[in-house]
Amino acid sequence: MRTYRLALIGFGNVGQGLATILRDQGQMIADKHGAEYRIVAVNTGRHGSIYNPEGFDPGMLLAAYEETQRIDTVPAPNIGWDVPQVIYESNADVIVELTSSDLLSGEPAAGYIRAALRQDRHVVTTNKGPIALFYPELSAAAAERGVMLGVEGTVMGGTPLLRVGRELLTTAGISRVQGILNGTTNYILTRMADGESYKSALKEAQEKGYAEANPIADVDGYDAAVKLVILSNLLLGVPLQMSNVEREGIRDLSSKDIVRAQKVGEVWKMVGWVERTPEMVRASVKPIRLPAAHPLASVNGATNAVTFVTKLLGDVTIVGPGAGRVETGYAVLSDLLEINRRMI
Ligand code: HSE
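What comes next is a walk through the structure. (Residues numbered from 1 in each chain as written. Predicted model: local features only at pLDDT ≥ 70, side-chain atom pairs only at ≥ 80, totals over all residues. Heavy atoms only, no water.)

## Some thoughts on the packing of aromatic side chains
Phase 1: Per the counting criterion, the structure on display carries four aromatic pairs.
Phase 2: Ring centres 5.3 Å apart and planes at 20° place the aromatic pair Tyr-4 and Tyr-37 in the stacked group. On the criterion of sequence distance, the pair formed by Tyr-4 in strand β1 (residues 2-9) and Tyr-37 in strand β2 (residues 35-43) is long-range, its members being 33 residues apart.
Phase 3: Note on Tyr-37: relative accessible area 10%, which makes it buried.
Phase 4: The residue whose ring lies beneath Arg-114 is Phe-134, and the NZ or CZ to ring-centre distance is 4.7 Å.
Phase 5: One cation-aromatic arrangement involves Arg-247 over Tyr-222; the distance from NZ or CZ to the ring centre is 3.8 Å. (Phe/Tyr/Trp six-rings, centres within 6.5 Å; stacked < 30°, edge-to-face > 60°. Helix = DSSP H or I, 4+ residues; strand = E, 2+ residues; numbered from the N terminus. Buried < 20%, exposed > 50% of the residue type's maximum accessible area, 1.4 Å probe, protein only. Lys NZ or Arg CZ within 6 Å of the ring centre and 35° of its normal.)

## Some details on the site of the ligand
Phase 1: The environment of the ligand is formed by Lys-128, Asn-182, Gly-183, Thr-184, Tyr-210, Ala-211, Glu-212, Asp-218, Asp-223, Lys-227, Gly-322 and Ala-323.
Phase 2: At 2.7 Å from an oxygen atom of the ligand is found a side-chain nitrogen or oxygen belonging to Lys-128.
Phase 3: Asn-182 is positioned such that a nitrogen or oxygen atom in its side chain is 3.5 Å from an oxygen atom of the ligand.
Phase 4: When the free accessible area of the ligand is taken as 250 Å², the share hidden by the protein chains comes to 93%.
Phase 5: Among the elements of the structure, α7 (183-193) and α10 (222-236) are those that each provide at least two residues to the shell around the ligand.
Phase 6: Here the residues of the shell around the ligand are counted per class, giving three nonpolar, four polar and five charged. (Near = heavy atom within 4 Å. Polar contact = N/O pair within 3.5 Å; in protein donor to acceptor, adjacent residues only side chain to side chain. Areas by Shrake-Rupley, 256 points an atom, 1.4 Å probe, with all protein chains shown as cover. Nonpolar A, V, L, I, M, F, W, Y, C, P; charged D, E, K, R; others polar.)

## Thoughts on the sheet that holds β2
Phase 1: In space, the seven strands of this open sheet follow the order β4-β3-β2-β1-β5-β6-β7, with mixed pairing throughout. Each edge of the open sheet is held by one strand with a lone partner, namely β4 (78-79) and β7 (149-150). (Pairing = 2+ DSSP bridges.)

## As for the pairing of strand β10 (residues 266-276)
Phase 1: When strand β8 (residues 174-180) meets β10, the two strands line up antiparallel, connected through four bridges. For Arg-176, the partnering residue across the bridge sits in β10 and is Glu-275.
Phase 2: Here 11 bridges tie β10 to strand β11 (residues 281-291), and the two strands are oriented antiparallel to one another. From the neighbouring strand, Val-267 faces β11, where its bridge partner is Leu-290.

## Description of the nonpolar core
Phase 1: Formed by 66 residues in total, the largest nonpolar core has its most connected members in Leu-149, Leu-231 and Val-274.
Phase 2: Sort the elements by how many residues they give to this core and α10 lands first, with 10 residues.
Phase 3: Counting contributing residues, this core receives three or more from each of domain 1 (2-158 + 325-343) and domain 2 (162-321).
Phase 4: Ignoring anything within four residues of it in the chain, the contact list for Val-274 reads Ser-175, Arg-176, Val-177, Leu-228, Leu-231, Ser-232, Leu-236, Leu-240, Val-281, Arg-282 and Ala-283.
Phase 5: Grouped together as the second largest cluster of nonpolar side chains are 32 residues, Ala-35, Ile-50, Leu-61 and Leu-333 included. (Core = buried A, V, L, I, M, F, W, Y, C linked by side-chain atoms within 4.5 Å. Domains from an automatic or database assignment. Contact = heavy atoms within 4.5 Å.)

Structure below.
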C-alpha cells in the first residue's frame, strides 16, 4: 500500500468534494488501487488552517466545517499555518491547490504552484487561470523536478476530457474542439427555459456549487473562454490567449428571448469552439440558438458536452458533469490516481 499525504490549499466546493469521496470511498480506493490518500493539511484564507503530519479523518473535517464554518475547530497539533509554511515545512507529497484564484491573472494559485513544484511536491489543481496562462512553464518545471502537475479538473470537472484528449485522441488529428463548456450558464439557460428567472436560476447554480466564486466569470463567458485557451494549448498545441477568444456572455438574454426561441422549436445554448487551420487558430464563445434536434440542444443543467473533430475518427463527443462539488473532487482524485500509476 502506498500512502500519499495531501495538503489542501483551499476547502471550498472542490476540497469538500474530495474529502467526501475520501470519506466514503477511501477504503474502496485503497483496495482497488493500493493507494491511501491522507489529508495532512487544510489551509483556508478565512476559515482557519490546520496541519497534522499523521493526517485527519476526512469525515471530521467535513462535519466540523459544516457545523462551525471553520476548519480549525478540528483538534490539530498545528493551527494557523500559512500557505508557504504548508508548502515548505509540511510532509505533504501532493499540494492540492484549490484556492479561489483570479481567472485572468492566475493568482495566487500560480505562485503557490511554482513554489510547490520547486519543493519537489506533486501538484494537482483545478484552477484554470494559471493553467491557461502558464502551462508550458509549469509543466516543464514539473518534468524537471520529476513530479506531476495534474490539471484534469480545469475543464469539464471530473468527466475525463483532457486525459482522453491528450492521451487517446491527439494522434487522431484534432482540428476543432467545440461544445458546452460552462455548467453554470447551461444550468441557468435550462432553468430559464423551464420558466425560472435569471436571478433565481443563478442563485440555484451558486447553491449547488457550480458557479465560480465570482459568477461574473461564468455569465460573461470568461470561464468558458479560459477553458478554450486550455484546450487549445493542451490539445491543439497552439498557444492562445484570452484576448484571442471572441467572447459574449448570457446576461443580455431575457426570458422573452428564451420563449421566442421555444415557440419555433429552438433553444439557447452558450457554445464555445476553438479551431486550428493551417494559417491560424480561432476561438469563440457565445450564446446561440440551436434547433431542438441539434445534439447539444438536449444537454441540460450543469452537464457539459465536448466534441473533438478529428481527422482519423471523425467526431468524438464526451458528455458529462462539468461542475459540482463531488464531480470536481473526482477530477482531483483521478489526478491523484494518475500520480500513483506513475509511481508503480
Ligand atoms: N463555474 C464553472 C462552471 C465550474 O460552471 O462550469 C467548473 O469549471
